[in-house]
Every structure is written in structure tokens, then in C-alpha cells.
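Close look at the chain arrangement
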Amino acid sequence: MTDIKTVAAQFALEGRIASIKPLGDGFINDTFVIRTHGGPRYILQRKNHHVFPDVPAMMDNIVAVTEHIKKKVADPLRETLTVIDTKDGKHYYKDAEGCFWAVCLFIEDTVTHDVADTLELARQGGIGIGHFQALLADFTRPLAEVIKGFHNIRWRFIQWDESLQKDAAGRKAEVAEEIAFIEGQRERMLDFWSRVESGEIPMRVTHNDTKLSNILFDKKSGKVLCAIDLDTVMSSTSLNDVGDAIRSYANATVEDDPDYAKVGIRLDMFEAYMEGYLSERAASLSDSEKQWLAFAPLYITYEQVLRFLMDYIDGDTYYKIKYPAHNLVRTRSQMALFRSMDANYAKMQEIVKKYL
Ligand code: ATP
Ligand code: MG
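Given the structure is predicted, the values throughout are model-derived calculations rather than measurements. (Residues numbered from 1 in each chain as written. Chains lettered and ligands numbered in written order. Predicted model: local features only at pLDDT ≥ 70, side-chain atom pairs only at ≥ 80, totals over all residues. Heavy atoms only, no water.)

A short note on the sheet that holds strand 7 (residues 110-111)
Two pairing modes exist for strands in a sheet, parallel and antiparallel, and in both the strands are linked by backbone hydrogen bonds. Read across the sheet, three strands follow the order 7-9-10 without closing on themselves; strand pairing throughout is antiparallel. Edge positions in the sheet fall to strand 7 and strand 10 (224-227), since each has one partner strand and no second. Looking at chain direction, strand 7 and strand 9 (residues 215-218) are connected through two bridges and run antiparallel. Bridge pairing in strand 9 links T110 to D218. (Pairing = 2+ DSSP bridges. Helix = DSSP H or I, 4+ residues; strand = E, 2+ residues; numbered from the N terminus.)

Considering the domain arrangement of the chain
For the chain, the assigned domains are domain 1 (4-108) and domain 2 (119-355). Distance from the C-alpha centre of domain 1 to the C-alpha centre of domain 2: 28 Å. Contacts between the two partners involve 22 residues from domain 1 and, on the opposite side, 22 residues from domain 2. Summing the contributions of domain 1 and of domain 2, the shared interface buries around 1,900 Å²; its carbon and sulfur component is 67%. When residues of domain 1 are sorted by the area they lose upon contact with domain 2, N61, V65 and H68 head the list and together hold 27% of the total. The interface formed by domain 1 and domain 2 contains three salt bridges. Notably, a salt bridge pairs D231 with K47, separated by 2.9 Å at the nearest N-O pair. Viewed at the interface, domain 2 and domain 1 are joined by eight residue pairs in polar contact (both at pLDDT 80 or more). In terms of residue count, helix 2 (residues 55-70) provides more of the side of domain 1 that touches domain 2 than any other element does, nine residues in total. (Domains from an automatic or database assignment. Contact = heavy atoms within 4.5 Å. Buried area = accessible area lost by both parts, 1.4 Å probe. Salt bridge = Lys/Arg side-chain N within 4 Å of Asp/Glu carboxyl O. Polar contact = N/O pair within 3.5 Å; in protein donor to acceptor, adjacent residues only side chain to side chain.)

Looking at the packing of helix 5 (residues 176-197) against helix 9 (residues 296-314)
Where helix 5 meets helix 9, the closest approach of the two axes is 10 Å, and the angle between their N-to-C directions is 140°. By the criterion of interaxial angle, the relationship of helix 5 to helix 9 is oblique. When the axes of helix 5 and helix 9 are compared, the crossing they make is left-handed. Two secondary-structure elements touch here, helix 5 through E178, I179, F181, I182, Q185, R186, R188, M189, F192 and W193 and helix 9 through L298, Y299, Y302, V305, L306, L309 and I313. Taken together, the residues of the contact of helix 5 with helix 9 sort by class into 13 nonpolar, one polar and three charged. (Axes fitted to C-alpha atoms, helices over the stretch in contact; angles between N-to-C directions. Parallel < 35°, antiparallel > 145°, perpendicular 65-115°, else oblique. Left-handed = near helix turned anticlockwise from the far one by under 90°. Nonpolar A, V, L, I, M, F, W, Y, C, P; charged D, E, K, R; others polar.)

Some remarks on the packing of helix 6 (residues 239-249) against helix 7 (residues 267-281)
Following both chains from N to C, one finds helix 6 and helix 7 inclined at 145°, their axes separated by 10 Å at the closest point. Between helix 6 and helix 7 lies a crossing of right-handed hand. Mapping the contact onto sequence places D241, V242, A245, I246 and Y249 in helix 6 and M269, F270, Y273, M274 and Y277 in helix 7. Partitioning the contact of helix 6 with helix 7 into residue classes produces nine nonpolar, no polar and one charged.

Quick word on the coordination of the magnesium ion (ligand 2)
Coordination of the magnesium ion (ligand 2) by the protein comes from N214 (OD1) and D229 (OD), over a distance range of 2.0 to 2.3 Å. Linking N214 in the loop between strand 8 (204-206) and strand 9 with D229 in the loop between strand 10 and strand 11 (234-236), this pair joins segments that are 15 residues apart in sequence. (Donors = N, O, S within 2.8 Å, 3.2 Å for Na, K, Ca; no water.)

As for the packing of aromatic side chains
The description of an aromatic ring pair uses the distance of the two centres, along with the angle that the planes make with each other. Enumeration according to the criterion identifies 16 aromatic pairs in this entry. Every member of this aromatic cluster is reached through a ring pair, and the members are F192, W193, W292, F295, Y299 and Y345. A cation over a ring is seen here: R186 above F157, with NZ or CZ 4.4 Å from the ring centre. (Phe/Tyr/Trp six-rings, centres within 6.5 Å; stacked < 30°, edge-to-face > 60°. Lys NZ or Arg CZ within 6 Å of the ring centre and 35° of its normal.)

Some points on the pattern of salt bridges
For the coordinates displayed, the defined rule picks out 23 salt bridges. The shortest N-O distance in the salt bridge between R195 and D191 comes to 3.3 Å. Of the two residues, R195 and D191 both sit in helix 5, four residues apart, roughly one turn of that helix. Here E200 makes a salt bridge to R195, at a shortest N to O gap of 3.1 Å. On the basis of relative accessibility, which here comes to 37%, the residue E200 falls in the partly exposed class. Note on R195: relative accessible area 22%, which makes it partly exposed. A single network of salt bridges, built from pairs that share partners, joins D161, E183 and R186. (Buried < 20%, exposed > 50% of the residue type's maximum accessible area, 1.4 Å probe, protein only.)

A closer look at helix 3 (residues 119-135)
In this model helix 3 runs 24 Å from its N-terminal to its C-terminal C-alpha over 17 residues, within 8% of the 24 Å that 1.5 Å per residue would give. Burial runs high along helix 3: 12 of the 17 residues are buried. L121, A122, Q124, G125, G126, I127, G128, I129, G130, F132, Q133 and L135 are the residues of helix 3 that are buried. On its buried face, helix 3 sits against helix 2, strand 8, strand 9, strand 10, helix 6 and helix 7. (Expected span 1.5 Å × (residues − 1).)

See below:
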């Protein structure tokens, strides 16, 4: 790997570098903390350019979004990320091996929570994303599409149709029932997505990685400070952030639980998340967004069923598997979650109304 000190020295840091140490074990990027003599601490990240093919465009997205937020908050250095440029004025550094690096200010006196396993944490998670979206509700400039076709079901169906046609692993016959499930909901999902495409449901900024560990809390007050990990910010319907959060926060079990009887939507977690989210976001939602908000978890869960099943049919080429039928178990487990959501859809809509 490229010498880390050489990398750090490319950036316009305040103070002399004292130490550079790895931080945690992120799934996507390699993260380091830079300490300086006389200056602040910084976060240095090697960006995963397999996941993000166009890092310069990604960094432009992050700068555009954080600059917008900075104009609206009381403490611009704490209430969003601050990207530090290189000495020659770029938002990233490309090393000799072709890897991309970026630096931002380390936000001090904060805490993160790993999993949303209580109602209060679910509520806080909702506040975190709701607040982020509310600050960006008037951001209308299109952002670069850093991951192609993300949450775009029309694009997924193109891949799906090809995958069925190829039947690369010869597994199609075995999963006829699951394929029938996907086909049975195709029109309903395309109907939702066509409302996004037509602009009926407005394009806004979506965070796209809404897990709780991507929200910083102020250590003193315990309150939500800001959303971080902005690599995946893109223009789409911001309802998808809610859908994705609910798919994981409000499942009664893990996404690959083989005991399908345990799977189901926890309406108490759904309600807690919505209470938090809408406390921040209700005022800036359009009528169409209000109308479709409760549908977003179904849309995102359906997409996940499709992706797991497609990977099973393809012969397990995308998701890492721990045992041969893992993708099939994930498919069935998420199908059970979808069915539970669908059976509770009217109740979910009632809950949304209550907090609007
Ligand atoms: P993961 O895959 O776990 O989401 P990642 O590779 O996407 O990780 P980040 O989420 O950007 O990396 O950062 C990992 C962790 O580092 C965060 O959860 C947070 O605890 C800490 N962190 C990141 N950026 C900052 C920052 N600017 N200030 C303080 N802490 C930060
Ligand atoms: Mg993260």
C-alpha cells in the first residue's frame, strides 16, 4: 500500500502531522485518524473505487451537499462533514497505484450507536435522516449518479430479465415460486417508480446508507448532530432512505433468518422511526411524498428480494455467501418480511398519518 504519510502530506492540513492510526473496520472504505501538533484531528479515507467507480464525481457530490447544509446550521464545522482539499485544490488525492483518498475534519465529542435495538434509538435514527433531508429539501441541483441504477426498479428488471434468460446456474426451475412472487408485484413496483420518473414524487437528495452508525450524536447533549458517510448521496426520491431504514430497523429478526416464522415488521419500531423522521421532515414533504411514504419500505424490501434471488439464479456472483443456499434463504426471509409489510400496509399508513 502507498505510504500513508505521503498520502496525508498531500492535503492542506493545519498543524504538523503527529500520528496516523487506523480507525475501526468499515465495510467499504479504509479509515484513518490523523492527529496533528497544534491543529485539529482529521479523518483520512481510502475510498473503495470498486464500489464507487467515479470518486471525483462522488467528492463533488459531497462538497455540494455539505456546502448547502453549512449555510443553514449554527455550527457549520460540527453539523456536517467538512471536506479538506489537497494542497493543489482537489477534493481527493489519487496515489501512484490509482487509489483515491479524501480527508475531512474529525468531528470531536461525538458518539455513534451500532445497532438500532431500542425504540428510542429507532426514533433517533429517524430524526437523524429526517434532519439531513430537511436541510436538503430545497437542494434541487442534480447530483452525479455514483452507483448506477441504485433503487431504480426499472433498471433492476432489465438485469432480472437477462438473468432469467441466461439461467446461468441452472437454478430457475427450483425457484419458480419465488419468481412468481417477483412477477406478481412487477406492475405495482413500476407504478411507484414511474411516479418518481415523472416528477410526481420529487427528486431530492438521498443519503442511501441510513444505518444508525452513520449518524453522529453530540456527546454532551446526546442529541443527533449530523449524518456522515456521505459517499452514496445522490438525487432520487428521499422516500427510499426511509424504506431502506425500515427494512433493517423494523424487521423482528436478521435479514437472513432461515426461521421465516420469526420474520415480520415490528410496527412499534416502524412507529418510533416515523415519529422521529416526521418530527423533522413533515413540514418539507410534498403531498405525493406523504401519500407514498408508507409504501417505500415495501418497495425497498421487494427490490432486495429481487436482488438476492437474481444473485442465486446467477450462481452467487455478487453477494458473499456463507453456505450454498444462503441467497435463497435471504430471498425467502425478505419475502416473508415483504408479506408482513403488505399485510400491515394499512396500519403503516395510519401511523404515518398520525405523525404528519
Ligand atoms: P461503514 O462501512 O462502517 O459504514 P465506512 O467505511 O463507510 O464505514 P464511515 O462510515 O465514513 O466509513 O466512517 C466509519 C466510522 O468512523 C463512523 O461510523 C464514525 O464512527 C467515524 N467517523 C467517520 N467520519 C467521522 C468524522 N468526520 N468525525 C468523527 N468520526 C467520524
Ligand atoms: Mg459508515
